[in-house]
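Survey of secondary and tertiary structure
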There are 2 protein chains.
Amino acid sequence: MSEVAKEQNAPVAEPKSAAAPAATPSTGKGELIGNAVIAQSGGPTNVINQSLVGAIREMMRSKEIKGVYGSLHGIKGILKEEFIDLRAENPRTLDKIAKTPSAALGSVRMKPTPADCERMFEVCKKHDIRYFFYIGGNDSAETAHIVATQAANANYEMRVFHIPKTIDNDLRENDHCPGYGSAARFVALAFMGDQLDNRAIPGVKINVVMGRHAGFLTAASVLGQQRSDDGPHLVYLPERPFRLDRFIEDVRRVNDELGRCVIAVSEGIADEAGNPVYKSGEVDAHGNVQLSGTGALGDYLARTVKERVGEKLRVRADTFGYLQRCFPEVVSTVDAKEAEEVGREAVKAAVLDQRPSGSIAIRRAATTKTYMVSYEIVELERVARDTRSMPDEFINAEGNGVTEAFRDYALPLVGRLPRYGWFKAKRVG
Amino acid sequence: MSEVAKEQNAPVAEPKSAAAPAATPSTGKGELIGNAVIAQSGGPTNVINQSLVGAIREMMRSKEIKGVYGSLHGIKGILKEEFIDLRAENPRTLDKIAKTPSAALGSVRMKPTPADCERMFEVCKKHDIRYFFYIGGNDSAETAHIVATQAANANYEMRVFHIPKTIDNDLRENDHCPGYGSAARFVALAFMGDQLDNRAIPGVKINVVMGRHAGFLTAASVLGQQRSDDGPHLVYLPERPFRLDRFIEDVRRVNDELGRCVIAVSEGIADEAGNPVYKSGEVDAHGNVQLSGTGALGDYLARTVKERVGEKLRVRADTFGYLQRCFPEVVSTVDAKEAEEVGREAVKAAVLDQRPSGSIAIRRAATTKTYMVSYEIVELERVARDTRSMPDEFINAEGNGVTEAFRDYALPLVGRLPRYGWFKAKRVG
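Residue positions within a chain follow its written sequence, with the count starting from 1. Following the order in which they are written, the chains are lettered starting with A and the ligands numbered starting with 1. The model is predicted, so local features are restricted to residues of pLDDT at least 70 and side-chain atom pairs to those at 80 or more, both for listing and for counting; the totals for chains, interfaces and linings are taken over all residues. Each side-chain value is worked out from all heavy atoms of the structure, with water and hydrogens disregarded.

It is worth spelling out the overall build of chain A at this point. Scanning chain A for helices and strands turns up 13 helices and 13 strands. Type-normalised accessible area, obtained with a 1.4 Å probe on protein chains alone, sets the label of each residue: buried when under 20%, exposed when over 50%, and partly exposed for intermediate values. With 429 residues in all, chain A has 63% of them scored as buried. Here the contacts in chain A between residues at least 6 apart in sequence split such that 78% fall between residues at least 24 apart. In the form shown here, chain A has an accessible surface area of approximately 16,100 Å², with 48% of it arising from carbon and sulfur atoms. Starting at the N terminus, helices and strands are each numbered in turn, a helix being any DSSP run of H or I of at least four residues and a strand any DSSP run of E of at least two. Throughout, a residue-residue contact means that at least one pair of heavy atoms, one from each residue, lies within 4.5 Å. Each accessible area is a Shrake-Rupley result for a 1.4 Å probe, and residues are judged covered by the shown protein chains and nothing else.

What follows covers the sheet that holds strand β8 (residues 204-209) of chain B. All names here are of chain B. Pairing is parallel in the open sheet, where four strands are placed in the order β9-β10-β8-β11. Sheet topology places β9 (234-236) and β11 (315-319) at the edges, where each strand pairs with a single neighbour. Strand-to-strand twist in this sheet, taken as the mean axis angle between neighbours without regard to direction, amounts to 15 degrees. Here five bridges tie β8 to β11, and the two strands are oriented parallel to one another. By the bridge assignment, K205 is partnered in β11 with R316. Geometry is summarised by axes, namely lines fitted to C-alpha atoms with helices restricted to the contacting stretch, and by angles between N-to-C directions that run from 0 to 180 degrees. The sheet strands contacting helix α7 (residues 180-200) are β8 and β10 (261-266), and the helix crosses β8 at an angle near 170 degrees. Strands qualify as paired when DSSP identifies two bridges or more between them.

Turning our eyes to something else, we now look at the relation of the copies chain B and chain A. A residue counts toward the fit only if its pLDDT is at least 70 in both copies, and the copies are then superposed by least squares on the C-alpha atoms of those residues. Between chain B and chain A, the superposition needs a rotation of 180 degrees and an axial shift of 0.0 Å, giving an RMSD of 0.0 Å. Such a turn and shift between the copies fits a two-fold axis. Rotation axis and chain B: the residue whose C-alpha lies nearest the axis is G295 of chain B, separated from it by 2.2 Å. The residues that chain B uses at the interface reappear at the interface of chain A in 100% of cases, marking a shared surface.

Here we come to the interface of chain B and chain A. Taken together, the contact between chain B and chain A spans 79 residues of the former and 79 residues of the latter. Two parts lose some accessible area (1.4 Å probe) when they are put together, and adding that loss for both gives the buried area. Here chain B and chain A share an interface that buries about 6,100 Å² over both sides, 61% of which is from carbon and sulfur atoms. The working definition used for a salt bridge is a side-chain nitrogen of Lys or Arg within 4 Å of a carboxyl oxygen of Asp or Glu. There are four salt bridges connecting chain B and chain A. Its salt-bridge partner being D197 of chain A, residue R325 of chain B comes within 2.7 Å of it at the nearest N-O pair. For this analysis, a polar contact is any N or O atom pair within 3.5 Å, provided that within protein one partner can donate a hydrogen and the other can accept it, and provided that sequence-adjacent residues contribute only side-chain to side-chain pairs. Applying the counting rule to chain B against chain A returns 28 residue pairs in polar contact (both at pLDDT 80 or more). Class assignment of the residues belonging to the side of chain B that touches chain A gives a composition of 38 nonpolar, 20 polar and 21 charged. Classification convention: Asp, Glu, Lys, Arg as charged; Ala, Val, Leu, Ile, Met, Phe, Trp, Tyr, Cys, Pro as nonpolar; all other residues, Gly among them, as polar.

This paragraph deals with the sheet that holds strand β4 (residues 65-71) of chain B. Residue and element names in this part refer to chain B. Pairing is mixed in the open sheet, where seven strands are placed in the order β5-β4-β3-β6-β7-β12-β13. Both outer strands of the open sheet, β5 (83-85) and β13 (373-378), are each paired with one neighbouring strand and no more. Across the sheet, the axes of successive neighbouring strands diverge by a mean angle of 25 degrees, strand direction being ignored.

A word on the pattern of salt bridges. Charged atoms that come close allow side chains of opposite charge to pair. A complete count under the given rule lists 56 salt bridges over all chains for this structure. One salt bridge in this structure joins E81 of chain B and K126 of chain B, with 2.7 Å as the shortest N-O distance. With E81 of chain B in the loop between α3 (75-79) and β5 and K126 of chain B in helix α5 (residues 114-126), this residue pair connects regions lying 45 residues apart in the sequence. For E81 of chain B, a relative accessible area of 24% puts it in the partly exposed group. We classify K126 of chain B as exposed; its relative accessible area is 54%. Connected through shared salt-bridge partners, E58, R61, E340 and R344 of chain A make up one network.

What follows concerns the packing of aromatic side chains. Stacked, tilted and edge-to-face are the three classes applied to pairs of Phe, Tyr and Trp rings, where Trp contributes its six-membered ring and a pair requires centres within 6.5 Å; stacked means planes under 30 degrees apart, edge-to-face means over 60, and tilted covers the rest. Per the stated rule, a full pass over the model turns up 37 aromatic pairs over all chains. Seen from their ring centres, F327 of chain A and F327 of chain B are 5.8 Å apart, and the 20 degrees between their planes marks the pair as stacked. Taken together, the residues F327 of chain A in the loop between α11 (323-326) and α12 (333-351) and F327 of chain B in the loop between α11 (323-326) and α12 (333-351) connect one chain to another. Of the two residues, F327 of chain A and F327 of chain B, neither departs from the other in class, the shared state being buried. Definition used: whenever NZ (Lys) or CZ (Arg) falls within 6 Å of the ring centre and also within 35 degrees of the ring normal, the charge is taken to sit over that ring. The ring of W422 of chain A has K424 of chain A lying over it, and the distance from NZ or CZ to the ring centre is 4.7 Å.

In this section: the side chain of D230 of chain A. All names here are of chain A. For D230, the position within the fold is in the loop between α8 (216-219) and β9 (234-236). A distance of 2.9 Å separates polar atoms of two side chains, one belonging to D230 and the other to Q195. With residues up to four places along the chain from it excluded, the contact list for D230 reads Q195, R199, Q225, R260 and Y420.

What follows deals with the packing of α7 of chain B against helix α13 (residues 404-414) of chain B. Residue and element names in this part refer to chain B. Where α7 meets α13, the closest approach of the two axes is 8 Å, and the angle between their N-to-C directions is 105 degrees. By the angle class used here, α7 and α13 are roughly perpendicular. Contacts between α7 and α13 pair Y180, G181, A184 and R185 from the former with F406, A410, L413 and V414 from the latter. Here the contact of α7 with α13 is composed, by residue class, of six nonpolar, one polar and one charged. By definition in this entry, angles of less than 35 degrees are roughly parallel, angles greater than 145 are roughly antiparallel, angles of 65 to 115 are roughly perpendicular, and the rest are oblique.

F406 of chain A together with F406 of chain B are the most contacted members of the largest nonpolar core, which has 82 residues in total. Taken together, the elements giving at least two residues each to this core come down to α7 (180-200), α8, β10 (261-266) and α13 (404-414) of chain A together with α7, α8 (216-219), β10 and α13 of chain B. We define a nonpolar core as any set of buried Ala, Val, Leu, Ile, Met, Phe, Trp, Tyr and Cys residues linked to one another through side-chain atoms lying within 4.5 Å.

With that out of the way, let us pick up unusual backbone geometry. The phi angle of most residues is negative, glycine excepted, and most peptide bonds adopt the trans form. Residues and elements named next belong to chain A. Cis peptide bonds are those with omega within 30 degrees of zero, and the linkage from G231 to P232 qualifies with 5 degrees. Assignment of secondary structure puts P232 in the loop between α8 and β9. Despite not being glycine, S102 has its phi angle at roughly 75 degrees, a positive value. Owing to a relative accessible area of 1%, S102 belongs among the buried residues under this scheme. Backbone geometry at E173 places phi at a positive 75 degrees, although glycine is not the residue there. Locating E173 in the fold gives a position in the loop between β7 (159-164) and α7. By relative accessible area, E173 is classed as partly exposed at 25%.

Printed below as a string of structure tokens:
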């Protein structure tokens, strides 16, 4: 502990160098001594650096972990031996980084080939890396799983942990995922403001929200609603087939009734055959089609509403895009806290529990009314690759909205939302 | 004063009815007794309700102003006699409304015809309306000017004041405009987060920012920069002709140098002949072409960069759209305060100064280093119709960035921006 305390109070000017490779990698009773690498992968979020700093602080406390290395741009940094010495980092810098959006070590979207894995172990051996922590989503869990498996095959003792992160909220085994709460807060606030905007200048407004296969983020559009006629009035999720005729009918009905219509649409909506309503040609290393960073889906839907509901109608579409995941100051405090904790828990699982590999899953206590979570270690393969979708009880029967059960689920995750005011006074007679 | 104090503490349950039409509209010494109408017009902002509530509170203090009426959806509410009784409103509701984004009375984009004006005076006479306050941009000032002129022609005594509002920051006579600081804060924060995102996953990122003819809002993209290589690396404003070849050359150069490139583009960029780079068919009552609510410009530029700089390049485009003007909690405190004050000042000008008409302009003290403003009454025609653009000293010589003079100008308007952290530790050798 004294070593840690000293470290945390070290001035910027005197960075300590990382520990030299230990002669013996392992000492009895499952204790594993060596250096650790941590890296970030996949889409950045507003709180992925909380997980990073949580893990770093926990590693700094550990006697088993000597050097604490940050790999730049995920596993690419391991392949290229691009590490920074995190024990040498100023604690005040760590405080600031924890609150900084995006991935401070850089990120990557890369699925390692067997050749990559071989190269990674070379590097790990060379640097006596015995702990590997990978913060990311299901693809990153898959990478961690591959690394763990290959390490076992190569008889190289290394503890491999995945630390969950995804604004999509689609990791299996988890009640919810770090990153979701803050992105959901952004979406909830955006719709609060935008539907007030739409009250002031009525028309049809379509907002396209991130989420490849899971509708959790799009569903968060309802969380700031206060009045019964607050938008969004229609919510389309990737969990339900999107039928254009049905959509046009819905829009016409709401617009006839309210004289306006605010719509939340997931970027991942697909028809009954599973074909995305909009699709660009670009595909990443994990086989994911590029959906974000273009306004094409929103523009297409807006054009169609204009053509089919009314040429004179004021129809606008916004695609929220990348702002959803890294907007400074729009952070859920619950999300930030949990992100920090999963980082710490992964290190504890590896060092204190001496587990060879795993992921940290967030579980919610079902027995209490108060929101409470616990953390559990789960097998890597249980969160890797496949994702989960919105459960049926969160989606309304018509497939164009969400239920109270979803609100109950999501509201504790986004933090306290502001309440807006409106005139209640009577008309002048 | 006692009447006012009583009014402000009145319980919700007992709304007072508006004053009955006075028999004599004017009492000696320029004192004008009667009812007042206030309305909101043009694009909503995050602080236009501050101006509304500021004006309402000041009117509630006045003995000359009897009924305080809110006209719904701008002058449309006058034409349709849709007024709400604002003196009957609960003061706590007013507190909340001041902090609520968008226009609480509803807005409109409408230029009154001579026939509309005639109808308006009918309504004003019927309700003994002797004060008219119109919160909005240059188009709203034009409307106020028309109303004031027509009222004078019709020999109807009415004081007509424009209260400035525009996120475009393009009203003449003003150092800056209420609404700009908060929208600029949104843009500055969005770029802070997005350029960190772009550091983590490099590529070319194009963000399209609102602003029809003036680049102030797009220019605000630089305000959160901390490191010399922070984005946006290129800023394109409507004040300079946009040349596609030059743009491609700029992007290639930055991307070659940094391995990434973040770009701020105004939605209003136009070629040397003044033709918008992107243009939809829709035109509003004031002759303004629809630019927002579509991702077409950003998508077009992204496609072009991919084609001409590199097919393998990761290129994304986001169009910030309507989120820029009504995002809850992203408010500049300076902006909120000034917005409230211009509302109060307009009422003071009409009631205490007994001016027949005018607009309130914000002036900045040039003599002190500390940011200080004062308010001046200016003639309506001096802010109506025509707008102002970014002065030359705010734009760099290459026409693809902004100057220090712009930063000095804009930083006091957006409020304190957060500082982000980054790793300073050395590489592991």
